[in-house]
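# Remarks on the overall topology
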Amino acid sequence: MTKQIFLLALLLTACSAHLFANTFCTPDSLPKQNELQVVYIKGKVSLQPSGKPLKKNDYFRAGKPLKFAEPGHRMVTMNHKRNLFIALPDTSKSIGYLLEPLKLAANVRPGKIMNYLGFQRYLEGRRLVAIGDKLSLEIAGNELEMNEDKFFYIQYQWTGDTKPINKQLAFSGQNLIIDKSMLLQ
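Residues numbered from 1 in each chain as written. Predicted model: local features only at pLDDT ≥ 70, side-chain atom pairs only at ≥ 80, totals over all residues. Heavy atoms only, no water.

A word on the confidence of the model for the protein chain. Confidence along the protein chain averages 75 in pLDDT terms, with 75% of residues attaining 70 or more. Low confidence marks residues 1-28, where pLDDT is under 50. Its contacts with residues over four positions away, or in another chain, come to two contacts. (pLDDT = per-residue confidence, 0-100. Contact = heavy atoms within 4.5 Å.)

Take the pairing of strand S12 (residues 175-179) next. Two strands pair when backbone bridges link them, and strand S8 (residues 134-138) and S12 are joined in this way by five bridges, in the antiparallel orientation. Counterpart to Lys134 in the pairing with S12 is Asp179. In this sheet, S12 lies alongside strand S11 (residues 170-172) in antiparallel orientation, the contact comprising three bridges. In the strand pairing of S12, Ala170 is matched with Ile177. Linking S11 to S12, which pair antiparallel, is a turn of two residues; within it Gly173 sits at a positive phi near 65°. (Pairing = 2+ DSSP bridges. Helix = DSSP H or I, 4+ residues; strand = E, 2+ residues; numbered from the N terminus.)

A few words now on the nonpolar core. Of all hydrophobic cores here, the largest spans 12 residues; its members are Leu36, Val38, Ile41, Val45, Leu47, Leu54, Phe60, Leu66, Phe68, Met75, Ala87 and Tyr97. Mapped onto this core, the elements with two or more residues apiece are strand S1 (35-42), strand S2 (45-47) and strand S4 (66-68). In terms of residues, this core owes the most to one element, S1, which gives three residues. Excluding anything up to four places from it in sequence, Phe60 contacts Asn34, Glu35, Leu36, Val38, Leu47, Leu54, Leu66, Met75, Thr77 and Tyr97. (Core = buried A, V, L, I, M, F, W, Y, C linked by side-chain atoms within 4.5 Å. Buried < 20%, exposed > 50% of the residue type's maximum accessible area, 1.4 Å probe, protein only.)

Attention now moves to the sheet that holds S12. Spatially, three strands are ordered S8-S12-S11 in an open sheet, and the strand pairing comes out antiparallel. One side of each edge strand has no neighbouring strand; the edge strands of this open sheet are S8 and S11. Each strand axis lies, on average, 30° off the axis of its neighbour in the sheet, ignoring direction. (Axes fitted to C-alpha atoms, helices over the stretch in contact; angles between N-to-C directions.)

Two side chains carrying opposite charge are able to pair once their charged atoms lie near each other. The tally for this structure, following the rule as stated, stands at three salt bridges. Across the pair Lys55 and Asp58 runs a salt bridge, and its minimum N-O distance is 3.5 Å. Linking Lys150 and Glu145 is a salt bridge whose minimum nitrogen-to-oxygen distance equals 3.8 Å. Using a relative accessible area of 46% as the deciding quantity, one classes Lys150 as partly exposed. A residue is classified by how much of its surface remains accessible, and Glu145, at 41% relative accessible area, is partly exposed. Bridged by salt links that share partners, the residues Lys52, Lys55 and Asp58 form one connected network. (Salt bridge = Lys/Arg side-chain N within 4 Å of Asp/Glu carboxyl O.)

Note that Glu145 resides in the loop between S8 and strand S9 (153-156). Taking the C-alpha atoms as reference points, Glu145 and Asn115, 30 residues apart in sequence, are found 9.5 Å from one another.

Structure representation (structure tokens):
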């Protein structure tokens, strides 16, 4: 009986030590001071000169040259301080990209589109269905302000035309309006 109690106590001690180690002593998953971690990729981005494609959660040295397969491809990265940056292709730079800070934490409000990245995520892979002839989306962020000089447009290809058509979308205050009757005029 005492042998069973001793084994049970040893097992409980081992389990509690394992639990403590995995709870409080996990290795730091943040990038090191001179590294960036890939948070999100749109398109294909690879390390140069090796050509190794990057994927979500990969780490790479800050300042390491990257190659973007297309000009529209993007990548969101995080540094050791948990700051987010968007990497945009820029062939004029020796490293092949421009790193711009993202300020997402201050621009998040549930149910409203607050910034470019939020709007892109809202539209990505989604089909919008309008009941009736109009669709209205509330755009609440200052980054996506709408006025006579700043507006949204839809681009479409008309049958028989070689160039795409850009159609300015209407807005009212902070609401972007997609009106079916106005799109093809």
